[in-house]
Structures are given as structure tokens and as C-alpha cells.
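Here is how the chains run, residue by residue.
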Amino acid sequence: MYDYDLLVVGSANADLVIGVERRPAAGETVLGSDLAVHPGGKGANQAVAAARLGARTALLARVGDDGHGRLLLDSLRSAGVDSVGVLVGGAPTGVALITVDPSGDNSIVVSPGANGRLTPEDVRAAGSLFHAARVVSAQLEIPLETVVAVAASLAPDSRFVLNPSPPRPLPAVLLAACDPLIVNEHEAKVILGDSAIGDDPEDWARVLLAKGPRSVVVTLGAEGALVASRDGISRVASVKVDAVDTTGAGDAFTAALAYRLSTGASLEEAAAYAARVGAAAVTKEGAQVSFPTAEEVDAL
């Protein structure tokens, strides 16, 4: 019996957001809106999204012993995430400095802070969490060697889901553990590198599969998603909604897919559910505050 449907290993940031009429040029100062501080980071986002759907969820991450760290811990706990794996100290909490103009375009500077201090040793010390989790999910806002250690720490029957964001070339040992590897168009092209071919997502999926993952999911925004494995390639339709803010939608998709896999759903079924969750998330502003409950997803 597993204690957790999903263990997320990844980043936890405080998002510091200021609205501006226009983004400043070099050497220029512009006035902006009042500062808004939100809990964020791909790891924390995925954990909150899964917990809001009803998944028994734990997070392995690192935050600073500061106000931003306390903000993140409060957000996780209020969503129902088990924060026993959230380590405190070693560096300030990671911060994303975000300016947003009236068109919605943003500029972001990220200080990884404590996220960069989540080490392979921290992963190995959390072995009990891995053995208690049916599915383990990770991203790339923590050191790559730490993500490799995550893949090496899986329980024999657990499943590893990776969203390689921000994207970078991945070692073969990590790709081989992915079931699935979840990428958008930009991430697919970075990982394919010199192997990138054409503009057909089905071609991307075939070449990605040849690199070692057990399965691949390519998200296509309003066009839905593509699911690929040794059994073939299929399309998952999108859900038509009036989008308000796409922030965090990819994290909600990955979390929902990982959760449904933990319940025994097929990859196609999990991706179809994740598409509905992602659609629900874009109908509200913000990241974690926009993540839907299972009831809100069913209402779509």
C-alpha cells in the first residue's frame, strides 16, 4: 500500500510580480503597480495542483528560513500537500522577479536560491518518501544531477514523470526512466537538438521515443496533446474555454496526468483528464490560486 499517489521533487519559489506600462530599457527606471507576492515554482505548483484534485501528495524541495519560505509552506499545507520533505535553510528561498505589461507579456529574472541547494544527498536521505509513492514527478528548476538521483531512487513498481522545464539536453540514463517525458514544442526541440526534424509533432514524438523514454506526451496548447509509446501515437483533444491567464497551466497538466496514472489510468486516459485540468486552470488568473478542484474539472 502506497502512502502517496504522487511525490513531487522540484522547485519552490516566491513570485514577485509588478505590473508596468512598459518594460524598462537598459539604464531606465519605470514606475509600476503595487508588488504582489505569490507562491510558485514548478515543483510547488505541481504538488498543489495534484492535492487540489484529491491526490495524496508530498513534496521534496528546499526553501529558505525566511518569510518567502513560510509563505510557500503555508500554501502547500493549506492545499493538503504533505510538506514533510520540504527542507529549510542553506540559502534564501528562490525568487522570480516578474514584470508584466498591459498586453500580458512578461520579463522574468529567477534567483534559484535554495532550489539550487537541493542535492542528490537530500534525495537519497528521503528514501522513505520514494518507497511510499506510486508516481514520482520532477522538473528542471533544481540541479540536473539531483533529478538524475531522483530517477535512481524510484521504488521498483513506481513510475517516473519528467517535465524538462526549463529545457536542456538530458543524459540517456534520465531519458530511459521517463514514463512519460512531457514536453511542449519548445522543450521538444531543445531536447531533440541536432535530431530535430520538421514541424510535425508526431515526428518529434517518434524521435524522442528513440532516445529512450518509455512514453512521450507532447502538449500542443489549444490543439490538445499527443501521446506516444511503443504501442503507437494518438491525439488527445483540447477543451475549449475562454482563457484568462495561462500561468501554471503546464504544471497543472503534468500534475493531473501523474495523479491519474497513479490511479491506474492508461496514458491516453490520464492525458485526456490532464487536458481538462489545464483548460480549467487557464480560466482564472494566477498559478496556484487558479488550480481547479476535481469538482470544477467535472463541471467542464
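Thresholds applied
- Residues numbered from 1 in each chain as written.
- Predicted model: local features only at pLDDT ≥ 70, side-chain atom pairs only at ≥ 80, totals over all residues.
- Heavy atoms only, no water.
- Pairing = 2+ DSSP bridges.
- Helix = DSSP H or I, 4+ residues; strand = E, 2+ residues; numbered from the N terminus.
- Axes fitted to C-alpha atoms, helices over the stretch in contact; angles between N-to-C directions.
- Contact = heavy atoms within 4.5 Å.
- Buried < 20%, exposed > 50% of the residue type's maximum accessible area, 1.4 Å probe, protein only.
- Salt bridge = Lys/Arg side-chain N within 4 Å of Asp/Glu carboxyl O.
- Parallel < 35°, antiparallel > 145°, perpendicular 65-115°, else oblique.
- Left-handed = near helix turned anticlockwise from the far one by under 90°.
- Nonpolar A, V, L, I, M, F, W, Y, C, P; charged D, E, K, R; others polar.

1. As for the sheet that holds strand β10 (residues 178–183)
Link 1 in the chain: Spatially, 9 strands are ordered β5-β4-β1-β8-β9-β10-β11-β12-β13 in an open sheet, and the strand pairing comes out mixed. Each edge of the sheet is formed by a strand with only one pairing partner; in this case those strands are β5 (86–88) and β13 (232–236). Here the average twist between neighbouring strands, direction ignored, is 20 degrees.
Link 2 in the chain: Of the strand pairs in this sheet, β10 and strand β11 (residues 215–219) are connected by 3 bridges, and their pairing is parallel. When the bridges of β11 are listed, I182 appears paired with V217.
Link 3 in the chain: On the sheet, helix α9 (residues 249–262) packs against β1 (4–9), β8 (133–138), β9 (159–162), β10, β11 and β12 (225–229) and is oriented at approximately 160 degrees with respect to β10.

2. Brief notes about the pairing of β11
Link 1 in the chain: Most of β11 is tucked away: 4 of the 5 residues are buried.
Link 2 in the chain: Bridge count between β11 and β12: 5 bridges; the pairing is antiparallel. From the neighbouring strand, S215 faces β12, where its bridge partner is S229.
Link 3 in the chain: Taken together, β11 and the strand that follows it, β12, pair antiparallel across an intervening segment of 5 residues, in which G221 is found at a positive phi of about 60 degrees.

3. Section: the pattern of salt bridges
Link 1 in the chain: According to the stated counting rule, one finds 12 salt bridges in the structure shown.
Link 2 in the chain: Residue D5 is joined to R56 by a salt bridge in which the shortest nitrogen-to-oxygen separation is 3.0 Å. Remark: R56 occurs in the loop between α1 (42–52) and β4 (57–63) and D5 occurs in strand β1; sequence separation between them is 51 residues.
Link 3 in the chain: Look at D5 and you get buried, because its relative accessible area is 10%.

4. Focus: the packing of α1 against helix α2 (residues 67–79)
Link 1 in the chain: One can describe the packing of α1 onto α2 by two numbers: an axis separation of 9 Å at closest approach and a directional angle of 20 degrees. As summarised for this structure, α1 and α2 are arranged roughly parallel, according to the angle between their axes. α2 is crossed by α1, and the crossing has left-handed handedness. Counted together, A44, A47, V48, A51 and R52 of α1 and L72, S75, L76 and A79 of α2 form the full contact between these two elements.
Link 2 in the chain: Grouping the constituent residues of the contact of α1 with α2 by class yields 7 nonpolar, 1 polar and 1 charged.

5. Here's the deal with the sheet that holds strand β3 (residues 36–40)
Link 1 in the chain: Spatially, 4 strands are ordered β3-β2-β6-β7 in an open sheet, and the strand pairing comes out mixed. Both edges of this open sheet fall to β3 and β7 (106–111), since each of them pairs with a single strand only. Taking the axes of each pair of neighbouring strands and ignoring which way they run, one obtains an average angle of 20 degrees across the sheet.
Link 2 in the chain: α2 rests against β2 (13–19), β3 and β6 (94–100) of the sheet, and its axis sits at about 55 degrees to β3.

By themselves, these observations are geometric and do not establish any function.
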